[in-house]
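Here is what each chain is made of, one letter per residue.
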Amino acid sequence: MRGTAASLWQAIALLPAASLATQKPDPLSYVNPLIGTTNGGNVFPGATLPYGLAKAVADIDGQNTGGFGMDGSNVTGFSSIHDSGTGGNPSLGNFPLFPQVCRDDELNNCKFRIGDRKLHYKMSSVVAEPGHFGIQLESGIQANMTVSEHAALYKFKFPDSKEKYPLILLDLTDLWQSRQNASISVDEKPGRMVGNGTFLPSFGSGSYQLHFCVDYFGAEVHDTGVWVNNRAGTEPKQIYVTRGFNLFYLESGGFARFKPGSDNTVTARVGLSFKSVEQACGHAEKEIPDPLKDFDRLVKATKKVWREKLAPISVKPGGADTNLLTSFWSGAYRNMISPQNYTGENPHWDTGMPYFDSFYCIWDSFRAQHPLLTVLDPHAQTQMVQSLLDMYKHEGWLPDCHMSMCKGWTQGGSNADVVLVDAYVKNLSTTIDWELALEAIVTDAEKEPLEWSHHGRGGLQSWRKYNYIPYLDYDPLGFGTNSRSVSRTLEYAYDDFCLATLAGGLGRGDMQTKYMHRSMNWQNLWKKDQTSIIKGQDTGFKGFFQPKYMNGTWGFQDPIACSSLATFCSLTTNPSETFEASIWQYLFYIPHATSSLISLIGGDEAFVSRLNFFHKSGLADISNEPVFLTVYLYHYAGRPGLSAERIHQYIPSSFNNTYGGLPGNDDSGAMGAFFFFSVLGLFPVAGQNVYLISAPFFEEVAIKHPQSGKTATVRTVNFDSAYTNLYIQKATVNGKPWTRSWIGHEFFTQGWTLELTLGKNESDWGRKPGDRPPSWTS
C-alpha cells in the first residue's frame, strides 16, 4: 500500500464508527448519510424511504444541492422533497417551513425573508440516520423529522422563553428560487395551509407544478395569515404571487403562531403531490393518521424497510477497517434514494403501472448505479426500465435525463439504450417488452428529434453520411448544443453496439450487422500523429482522438483540455468537443472494442504505459463518472493485477467515511456504486454481461439474489487487511479452476462461489488472450 493511502486509513480510523458484532450486525449501524455532504458530493442526508417521494431535511445556504451540507452554514428552512447527489443548480426543496420565536410576540419583529431569518446550526447536534434527521438551530429550536412515502412529519421543540406564541412560516419557494407563480390559503382555526407552485427543473426545460398540504398538531393556533417580503398580517388568509417586473423575485408565504403545550413542541405534517392539493392532503391523512403518536412508528417502519433492502448483503470483513464497512453499506444505501417512485403522481399520463422519475442523469448512472440495482434490487430496476419505456411511449424518445416530471438535458449519447441492453443481457425480467425496447433504441439511432438537447441524438444525418459527428456540424434537422463532437461520436458508437447486441438477441441478424459496423465509427476520429504537451513538455505519446470537420480535415482540441490540468468543460460553461472530461480521458471509452484500441495504440505495453501516465499525472478525474472504467482497463491488456493497484490509488484517498468522503457529485448514487463494486471485487461493464474480477477489500462478501433466492459469494484466501496481498494468484468458481479475469451475471442469479487466492506479487492469472474480457474487433 502506498504511504499516502496508509496514512489516510490511520486518520479515518480515528473517526467514530460502530464496532463489529459477533453475529451478523445491523446494516443500518454502518450507514452514514452524512458521507458526501461536503466537497461537492451533494448527497441528500435526510429522512427518506427507498426511492420515496418525501425527503425531509434542513435546507442551508451553503452546499445545498441535496438540501443540507455539513459545512457549518445557515439553515434557511425545512423542506420535504429533494434529489440526491446532483450537480448544477439545487433541485427541488419546495415549500420550506421555518420555526422561530419573535421578540415580544410582536408579528413585526418576526423575520420572514431568507436572508433575514436564516440561522447557523450546531454542528454537534446533527443526527442523520435512515428514516430520521435531527438538528438544533443556534436559536435553541430543535427540529426532528421523518417521512412516509409522500408525506413528512416534523417536530419543532421551542426553547423556554417569555414569548408565548412561536411562529412557523411556509415559504412559497424552492432551493433554486425558480418559482414562477404560487399560491397559499391558510385555514384560520386549524391553521391548515394548502396551495401549489409552478417551478423550473434544475437541469432541464419546461416547468412542473407541486402541491402541498400542511397541518399542525400539539398546540393551539393563536393566529394565522400571509406574509410578503418582511411584513405579515392576519388578513387576508390567502395570497397568489408571480414573477414581477424584470422577473423580480417576491418572497412570500403563509404563517401560523401557536400556543404550545408543556413540552413546547409543535408537530407539522406535510403532504405533497405533483397532481393536486386534494391528493397531497389525502397522502398525509392516509400515511400519517395520528401525527402526535406516529413519529416513532414512522422511524421504526422506515428503518425496517431499509433493513429489508440491504438484507441481501452480508460481509465477513477479515479485520478490514470499520470505516470501510461504513462507506460500503452507505454506498448501497445511497443507490436506493433516487430515482424516485412517483407512481400515481405523474400529471401527464397514468398507465396504472409503477412510474419512476428523477433519472438525474443517466449519463452518470448507467455505468454503475443501474448495474448495482440490477444486483441488489432487480424488482425496482425492472420498474425503472419499464418507466423509461413508458416515457418513450408518451414522449417519443427515451430520456437521457428526466427530473420533476420534466425533460432534462442530454449530456452525451442516448444512454438509456445502455441501461435497457444491460437489463437484457442480464435477463433482468421476463415482464419487460423487449420488442418495444428495440423500437425505442432504433428510434434513438435513426430518428432525430427537433430538440435533441432533450433526448435522442443530434447530427444523425452526418452520422450516417460521414460516420462521425463533425466539428461545427451542419444539422438543419434538429437543434441542440453544437459541441461535444468527439465524446458524442464515441458514445453513439457504443450506443450502436448495444443496439446491435439487442437486435442480435432478438434474432434480427441484418440489424445486428448494420449497427455492429456503425459501432466502430469511433476509429474515424483517431489522429495517429496527434501529440500531447503538458507545461511545455511532450508526454511522449502519439495518437489521440481529435475533432474533424465535415470536409474531412482536422480541427484541434488540446488533449488535456477539460481536465484538472486545464479548465472544466460543460454544456453551459466552456463548451468543447468533449463533455466534462478531456480527450485523454475519452481516449479510453471504447467499452466494446478495447482490444482494437489497444492495437491502435501499439499493443499491451503501450496501452498500459498510457493508462499509468493517465492515472499518475493528474489527468484522471476520479470525481466524474467517465473515469470509472479506466481504473479497470488493465484487464483488457492482460494485467488485472494493475487494476487492483489502481483501485487502491483511489480508495480510501477519495472514497471514505468522512463528510467530504466522495470526490465529486454522488449523482444519484453513482459514486457509491463505483465504491461498492470496487470493494466487492467485481466491476460491471455496463451494457455487457461482464464483471471484471479484482481483489476484494473484505475477506468475504455474499449477496443473496432477491428473486432467485440464491447466494453469490466472493471469498478470498490469504486476505490481509493491510492490503499487501493485492494480486490474484488463482481463482475457482464452485470449486473448479477459473482462469478468466471476468465473470457473467449468472454469478449472482445462480448463486456461484468465487474463491480468489491472493498474493503479494502479480501472477499469470487472467493474462492469456483467451482469459481477457470479451472485446469486438471489426
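About the thresholds
- Residues numbered from 1 in each chain as written.
- Predicted model: local features only at pLDDT ≥ 70, side-chain atom pairs only at ≥ 80, totals over all residues.
- Heavy atoms only, no water.
- Helix = DSSP H or I, 4+ residues; strand = E, 2+ residues; numbered from the N terminus.
- Buried < 20%, exposed > 50% of the residue type's maximum accessible area, 1.4 Å probe, protein only.
- Contact = heavy atoms within 4.5 Å.
- Disulfide = S-S within 2.5 Å.
- Pairing = 2+ DSSP bridges.
- Axes fitted to C-alpha atoms, helices over the stretch in contact; angles between N-to-C directions.
- UniProt positions renumbered as here; feature names shortened; annotations may be inferred.
- Salt bridge = Lys/Arg side-chain N within 4 Å of Asp/Glu carboxyl O.
- Parallel < 35°, antiparallel > 145°, perpendicular 65-115°, else oblique.
- Left-handed = near helix turned anticlockwise from the far one by under 90°.
- Nonpolar A, V, L, I, M, F, W, Y, C, P; charged D, E, K, R; others polar.

**Some words on the side chain of H150**
Point 1. Along the polypeptide, H150 turns up in the loop between β8 (142-147) and β9 (151-157).
Point 2. Residue class for H150 comes out buried when judged on its relative accessible area of 12%.
Point 3. Setting aside residues no more than four positions away along its own chain, H150 makes contact with L53, A54, V270, G271, L272, H283, E287, T343 and E345.

**Let's talk about unusual backbone geometry**
Point 1. With an omega of -5°, the peptide bond between Y360 and C361 qualifies as cis.
Point 2. Locating C361 in the fold gives a position in the loop between β21 (356-357) and α6 (362-365).
Point 3. Omega for the bond connecting I651 with P652 falls within 30 degrees of zero, at 10°, which places this linkage in the cis form.
Point 4. As for its position among the elements, P652 is in the loop between α17 (640-650) and α18 (670-680).
Point 5. The backbone phi angle of N42 is positive, close to 60°, even though this residue is not glycine.
Point 6. Along the polypeptide, N42 turns up in the loop between α1 (3-12) and β1 (47-48).
Point 7. You will see that M405, though not glycine, has its phi angle at about 65°, which is positive.
Point 8. A residue is classified by how much of its surface remains accessible, and M405, at 6% relative accessible area, is buried.

**A word on the state of the cysteines**
Point 1. Taken as a whole, this structure holds four disulfides when the rule is applied.
Point 2. Bridging C102 to C110, the disulfide has an S-S length of 1.9 Å. Across the S-S bond of C102 and C110 the torsion is about 115°, and the bridge reads as right-handed.
Point 3. For the protein chain, numbering the cysteines in disulfides from first to last along the sequence yields the connectivity 1-2, 3-4, 5-6, 7-8.
Point 4. No disulfide involves C406; its sulfur sits 11 Å from the nearest other cysteine sulfur, which is in C401.
Point 5. Between C498, a cysteine without a disulfide, and C361, which holds the nearest cysteine sulfur, the sulfur-to-sulfur distance is 18 Å.
Point 6. C498 gets classed as buried once you look at its relative accessible area, which sits at 0%.

**What to know about the sheet that holds β8**
Point 1. The strand order β6-β7-β8-β9-β18-β13-β12-β11-β16 describes an open sheet built from nine strands, whose pairing is antiparallel. Lying at the two open borders of the sheet, with one neighbouring strand each, are β6 (127-129) and β16 (238-242). Taken over all neighbouring pairs, the strand axes of this sheet differ in orientation by 15° on average, direction set aside.
Point 2. Across three bridges, β6 lies against strand β7 (residues 132-136) in antiparallel orientation.

**Topic: the UniProt feature "domain: Glycosyl hydrolase family 92 N-terminal" (unreviewed entry) in the protein chain**
Point 1. Within the UniProt annotation, "domain: Glycosyl hydrolase family 92 N-terminal" (unreviewed entry) is assigned to residues 30-273.
Point 2. Structurally, residues 30-273 comprises 2% helix and 43% strand, and the distance from its first C-alpha atom to its last is 32 Å.

**Describing the pattern of salt bridges**
Point 1. Tallied over the entire structure, the rule returns 31 salt bridges.
Point 2. Where E308 meets K304, a salt bridge forms, and the shortest distance between an N and an O atom there is 2.7 Å. Remark: K304 and E308 occur in helix α4 (residues 291-310); sequence separation between them is four residues, near one turn of the helix.
Point 3. The partner of D496 in a salt bridge is R457, with the nearest N and O atoms 3.1 Å apart. In this pair, D496 sits in helix α12 (residues 485-505) while R457 sits in the loop between α10 (434-446) and α11 (460-466), placing the two residues 39 residues apart along the sequence.
Point 4. With a relative accessible area of 0%, R457 lands in the buried category.

**Things to note about the packing of helix α9 (residues 416-425) against α10**
Point 1. Packing of α9 against α10 brings their axes to within 10 Å, and their N-to-C directions diverge by 150°. Between α9 and α10, the angle is such that the two are roughly antiparallel. Between α9 and α10 lies a crossing of left-handed hand. Each of D417, L420, V421, A423 and Y424 in α9 lies in contact with α10, whose residues at this interface are W434, A437, I441 and D444.
Point 2. Taken together, the residues that form the contact of α9 with α10 break down as seven nonpolar, no polar and two charged.

**A few points about the sheet that holds strand β28 (residues 700-704)**
Point 1. Overall, mixed pairing links the six strands, which are arranged β19-β28-β29-β33-β30-β31 in an open sheet. Two strands in the sheet have a free side with no partner beyond their single neighbour: β19 (313-316) and β31 (736-737).
Point 2. Of the strand pairs in this sheet, strand β30 (residues 727-733) and strand β33 (residues 753-759) are connected by six bridges, and their pairing is antiparallel. When the bridges of β33 are listed, V733 appears paired with L754.

**A word on the environment of S609**
Point 1. Position of S609 among the secondary structure elements: in helix α16 (residues 604-616).
Point 2. For S609, a relative accessible area of 33% corresponds to the partly exposed category.
Point 3. Linking S609 and F541, residues 68 residues apart in sequence, is a C-alpha distance of 9.3 Å.

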